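# Coordinate inspection notes
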Amino acid sequence: MKIKKKVIAGIAAAGILFGAGQPYNVFAEQPPFFQYEGADLKITQIGQYDSMAGLGGTEIMAYDEALKRAFVTNGAVSGIDILSFESLQSGEFTKVRSEKRVFFSEFGIENVSDITSIASHPTKDLVAVSVVSNPKTDTGYIFFLSKEGAYITHVQVGSLPDMVTFTPDGAKAVVANEGEPSDDYAVDPEGTISIIGVTKEPADFTVNTLTFQDVELDDKVRVNSKGTVLQQLEPEYVAVSADSKLAYVAMQENNAIATVDLVAEKILHVKGLGVKDHSLPGNELDGKRNDETKLERLPVLGFYMPDAIDTFTAGGKTYILTPNEGDARDYEAYSEEAEIGDIADKIQLKADHYGGFTQEELDQLVADGLFDEMTKTKITLEQGMSPDGSYEALYSYGGRSFSIFDADTMELVFDSGSEFENITAEALPEFFNTDNEEIAYDKRSSAKGPEPETVVVGGIDGKNYAFIALERVSGIMVYELTNPSHPEFVTYIASRDYSEDIKGDVSPEGLRFIAANQSPTGHALVAATHEVSGTVAIYEFGGKEMNEPSRFEDVNENHWASPYIHDLYNRGVIKGKTETTFAPQDEVTRVQFVTMLANALKLQPTSTDRQFDDVPSAAQDAVQAVFEAEIATGVSEKAFDPNAKLTREQMAIMAVNAYEYATKKAVKVEVKQRYSDLQSVSDDALEDVQRAYALGIMQGDNGTFQPLASSTRAQSAKVMSVLLQQIENELQE
C-alpha cells in the first residue's frame, strides 16, 4: 500500500545533539545483567536482539566472522533473521538490528513444520538451514542460502533433520536426522545421518544418508523402547573434530554418542554413556518438589542424555563435552515417563544398583516416607523393572550437570556432580530450580532441575573455557578446561529479569562463541539465543567497563519527561547537552529531529546524490535517508532549512510518517480531537495532527494543540519514546 506523504514547511535553534541510535525495534529495556563470582573474568552484556516474535523467535544461531553477521532461526515465523554485529562496541550496550527477515514461504516451500538449525560456511557464501517437513515423519530438507538470504538450492535428507553443521574444512555438511515417531506411532522413521558434499557447484551437491543397519551398539545404548532398534535410534546433534575427519553425534533418547568416519562416510559405532548414581557423595540433587532447597543423596540413577555437545583437545587428546539435559519419549500413543507416585506400590529398591546405600538404609528411607516426599519426581518406566514386575531401581532424565568424555572410548573423565544446583541455590536462592515459562521456586526439582541444554568451548587469553547454558533457570555456567579431569568453576551469568515470568533473556537454547580476533569489539563474545523470550544476548569477556546510565543534573526523577529521556539516552538514541546536563527546555531543530528519526529507524540513503544544499555534512546521510523514505521533505526543492525550529505540527507529520513507514500501515482515526485552535493548523498537517492524537504520541494541552509552537528536547524525547513503543506494539501483533 502506498501512503501519501505530506510536504513539511516551516521554520530557529542550532547544533545536532542527537547521537547515533538503533532501529525502531531496539528500544526495549536493557536486561539486568547478573554475574555470580568470577571477578577475575570481567563479563558484560553488550548487546541484545529482540525478534519481537516471543516463543520460538530465536533458537539457533550461526555467525560469519568476516561479515560480522549472525543468522538466527526463527521458528515462530518459519524463517531466519539476519543480524549485523558490526555496531557492537566494547563497554556499551547496543540493541542489535535485523538486516533482513527471510520467510521460507518466499521460496514457494509448502508443508514446512519447523526450522531447527542453521550453519554458516567457513569460507563460501553459503548458509545451510535444516527444514522439517509437515508431517515431521516425512523426509526433511537442507536449504542452502546466500549470506544475503537468497535461495541457492536444497537437498533431501532424512526425517526430522534436527541439526546441521559444516566441517571446519568446509568440504561437507553433516546432518543429524532424528526420525521421531508420529504422536500415534503409526509412522516411526529410522534415525539417520546425512553427509552433504558441498565442494562443487550447488547443482552438483551430493547427499549420502547413512543408516544404522549393522552398526555396532554397545550394551549401554538405550534401545528397549517401543519400535525396532533402528526406529529407536535418534541422532540429534553433531560436533565435528578439528581435522574434519570425525563427527560425534549425540543421540539423546538413547543416552549415547555415535562416531562417524567422515572420510569413509561410515558410522563406526554407537556407545552408551551410562548413568549417574545420585546416591553417591558429590552427586546430590534436590529431587523433591516441596518448596525447599535441599540437596541430598537419593536412590536415583540419572541418564546423562545430552542434547547439544562440543569437542575440544588437550594434551593431544579429543574430549567431548556434554550438557546433561535428559529427555523422555512422550507421545500420545506411548510414553515412558511417569512420576514416582504412579508406581510407588511397585517399587522394591535393591541396594545392588546403588553405590551409596546399603539395603538397610534403603529400607529405612522408604519406611520414613521417601516415596511420599518424591511423589512428583519424574522417572522412566523403561528401566529398573525386575522379572516379577517390581522396580528395583529408579532412573531419571539428565544429570543436572555437564560431563567430559574421552572421545576415543566414551569413558567418563569428569562430571560436575551437584555443582550446578549448589551454585544456583547460592546465586539465586529465591529462584532456585524455577521454570523458564513462569517464576516458580522449586518447581523443577522433581524434573531435571536447572536443565543444562547446550555447551560451547572457546579460548580466551590462552585458556579454554566451557560455557554451559541452563535452559530452565536461564543462565550460563563458565568453567576453565585447562585440566580436563578437573575443570574449575569460574562464574555464572544471566540476563533474565526475574521480576516477571518472561522478561529479559529467558531460556537459552543455543550458544555461539566468537573469538577475540573475529569479534567486532576485539574481545571474545558469547551469543546466546533464548527460545522463550525470543531474544539473543551478546556477552563480552574482558572488554571495557560499561558506561553507566546517565542521570542528568537537570532531569531529576520527578521531572515529567525523566522516563522518556533516560529511556532513550540509555539506549544511545540521544545525548546530553553536556556530560551532566540535558537542557530539557531547549528547542529542537528540524535537522536534530530528522537525525533522531533516521538513527531510530536505522535508515540509510540509497543515493550518493544529495537533495539539499544547506544540510551540514554530519547530517547529510540522515536527512537524505529520511527524505528518500518520504518521512520529511524540505522547505523547497533544494533547501531543508536544517537549523529552523521544529514546530509541533511538523513533529506530528514526521512522527506519523515514520510510524506508517515502519509498520506499513496507515493510521486510522476513529474519533477526532476537537482542539480549539485547529484553525491554526496548516492544511497539510491537519490530518496528521489527528493521527498523532490517535496514536497517543501527541495530545495537546488544555484543549489546544499549539501547532506553530516550537518543540523542546523533553517533548521530542517523549514523542520518540512513545512512537517507538507504538511501532513495537504494532509489529508484535
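In what follows, the structure referred to is the one given above.
The paragraphs below set out a description of the structure included in this document. (Residues numbered from 1 in each chain as written. Predicted model: local features only at pLDDT ≥ 70, side-chain atom pairs only at ≥ 80, totals over all residues. Heavy atoms only, no water.)

Considering all chains together, one arrives at 30 salt bridges under this definition. One salt bridge connects R512 with E65, and the closest N-O pair in it is separated by 2.7 Å. With R512 in strand β34 (residues 508-514) and E65 in the loop between β3 (61-64) and β4 (69-74), this residue pair connects regions lying 447 residues apart in the sequence. In this structure, E687 and R691 form a salt bridge, with 3.3 Å as the shortest nitrogen-oxygen distance. Of this pair, E687 and R691 both sit in helix α10 (residues 683-695), 4 residues apart, which is roughly one turn of the helix. (Salt bridge = Lys/Arg side-chain N within 4 Å of Asp/Glu carboxyl O. Helix = DSSP H or I, 4+ residues; strand = E, 2+ residues; numbered from the N terminus.)

This next bit is on the nonpolar core. Formed by 57 residues in total, the largest nonpolar core has its most connected members in I565, F593, M720 and L723. Within the residue set of this core, elements represented by two or more residues are α6 (562-570), α7 (590-601), α8 (620-628), α9 (648-663), α10 and α11 (713-732). With 9 residues, α9 is the largest single contributor of residues to this core. (Core = buried A, V, L, I, M, F, W, Y, C linked by side-chain atoms within 4.5 Å. Buried < 20%, exposed > 50% of the residue type's maximum accessible area, 1.4 Å probe, protein only.)

What the largest cavity holds in volume is close to 30 Å³. Lining the largest cavity are S474, G475, I476, A494, S495, D505, P508, H530 and Y539. In the lining of the largest cavity, the residues fall into 4 nonpolar, 4 polar and 1 charged. (1 Å grid on protein atoms, 1.4 Å probe; cavity = no way out; pocket = protein on both sides within 12 Å on 5 of 7 lines; lining within 4 Å. Points joined across faces, edges and corners; volume = space filled by probe spheres on them. Nonpolar A, V, L, I, M, F, W, Y, C, P; charged D, E, K, R; others polar.)

Right, let's talk about unusual backbone geometry for a bit. The step from N134 to P135 runs through a cis peptide bond, and the omega angle for that step is 10 degrees. When you line up the elements, P135 lands in the loop between β9 (127-133) and β10 (139-145). For S507, which is not glycine, the phi torsion reads 75 degrees and is therefore positive. Structurally, S507 is set in the loop between β33 (488-494) and β34.

The description of two packed helices rests on the angle between their axes and on the distance between the axes. Between α7 and α9, the shortest axis-to-axis distance is 11 Å and the interhelical angle comes to 15 degrees. Between α7 and α9, the crossing angle belongs to the class labelled roughly parallel. Where α7 crosses over α9, the handedness of that crossing is right-handed. Residue-level contacts link R590, F593, V594, L597 and L601 of α7 to Q650, M651, M654, A658, Y661 and A662 of α9. (Axes fitted to C-alpha atoms, helices over the stretch in contact; angles between N-to-C directions. Parallel < 35°, antiparallel > 145°, perpendicular 65-115°, else oblique. Left-handed = near helix turned anticlockwise from the far one by under 90°. Contact = heavy atoms within 4.5 Å.)

What follows deals with the side chain of R496. Inspection of the secondary structure assignment puts R496 in the loop between β33 and β34. No salt bridge is formed by the buried R496. Its closest oppositely charged neighbour is D501, at 6.0 Å. Within polar-contact distance, the side chain of R496 engages the backbone oxygen of D435 at 3.0 Å. In terms of polar contacts, R496 uses its side chain to reach the backbone carbonyl oxygen of D501, at 3.0 Å. (Lys, Arg positive; Asp, Glu negative; His and termini not counted. Polar contact = N/O pair within 3.5 Å; in protein donor to acceptor, adjacent residues only side chain to side chain.)

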